[in-house]
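Analysis of the macromolecular model
Single-letter residue listing:
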Amino acid sequence: MTYYTVCPDCGYKLLKASDGSQIEIYCPKCKAKMLIEIKDGKILIQKILADKT
Ligand SMILES: [Zn+2]
């Protein structure tokens, strides 16, 4: 089973990932860095705060 992960800020479709994945990614649209975790069919997205210049 794969899940679509979507940026919580801008709604950009980031990637497809399967259960048990843990991915660190930059949104190409709004440049937010986040950690995506898929566990037991639930998509958890944590934003990683980074300095913006
Ligand atoms: Zn975004």
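A brief report on the enclosed structure follows.

Conventions adopted
Residues numbered from 1 in each chain as written. Predicted model: local features only at pLDDT ≥ 70, side-chain atom pairs only at ≥ 80, totals over all residues. Heavy atoms only, no water. Helix = DSSP H or I, 4+ residues; strand = E, 2+ residues; numbered from the N terminus. Buried < 20%, exposed > 50% of the residue type's maximum accessible area, 1.4 Å probe, protein only. Contact = heavy atoms within 4.5 Å. Donors = N, O, S within 2.8 Å, 3.2 Å for Na, K, Ca; no water. Tetrahedral: all angles 85-135°; square planar, octahedral: opposite > 155°, others 65-115°. Core = buried A, V, L, I, M, F, W, Y, C linked by side-chain atoms within 4.5 Å.

As for the environment of C30
The topology assignment puts C30 in the loop between β3 (22-26) and β4 (33-39). Using a relative accessible area of 26% as the deciding quantity, one classes C30 as partly exposed. Spatially, the C-alpha atom of C30 lies 24 Å from that of T2, the residues being 28 residues apart in sequence. With near-sequence residues (within four places) excluded, C30 lies in contact with C7, D9 and C10.

Overview of the coordination of the zinc ion
Coordination of the zinc ion by the protein is provided by C7 (SG), C10 (SG), C27 (SG) and C30 (SG), with metal-donor distances spanning 2.2 to 2.4 Å. Coordination at the zinc ion is tetrahedral, judged from the four donor atoms that bind it and the angles of 104 to 117 degrees they form at the metal. Mapping the donors of the zinc ion onto the primary sequence gives the spacing C-x2-C-x16-C-x2-C. In this structure C27 comes out as buried when scored by relative accessible area, which is 1%.

Things to note about the nonpolar core
Judged by nonpolar contacts, Y3, C7, L14, A17, I25, C27, A32, M34, I36 and I38 together constitute the single largest core of ten residues. The residues touching I25, leaving out its near neighbours within four places in the chain, are L14, L15, A32, K33, M34 and I36.

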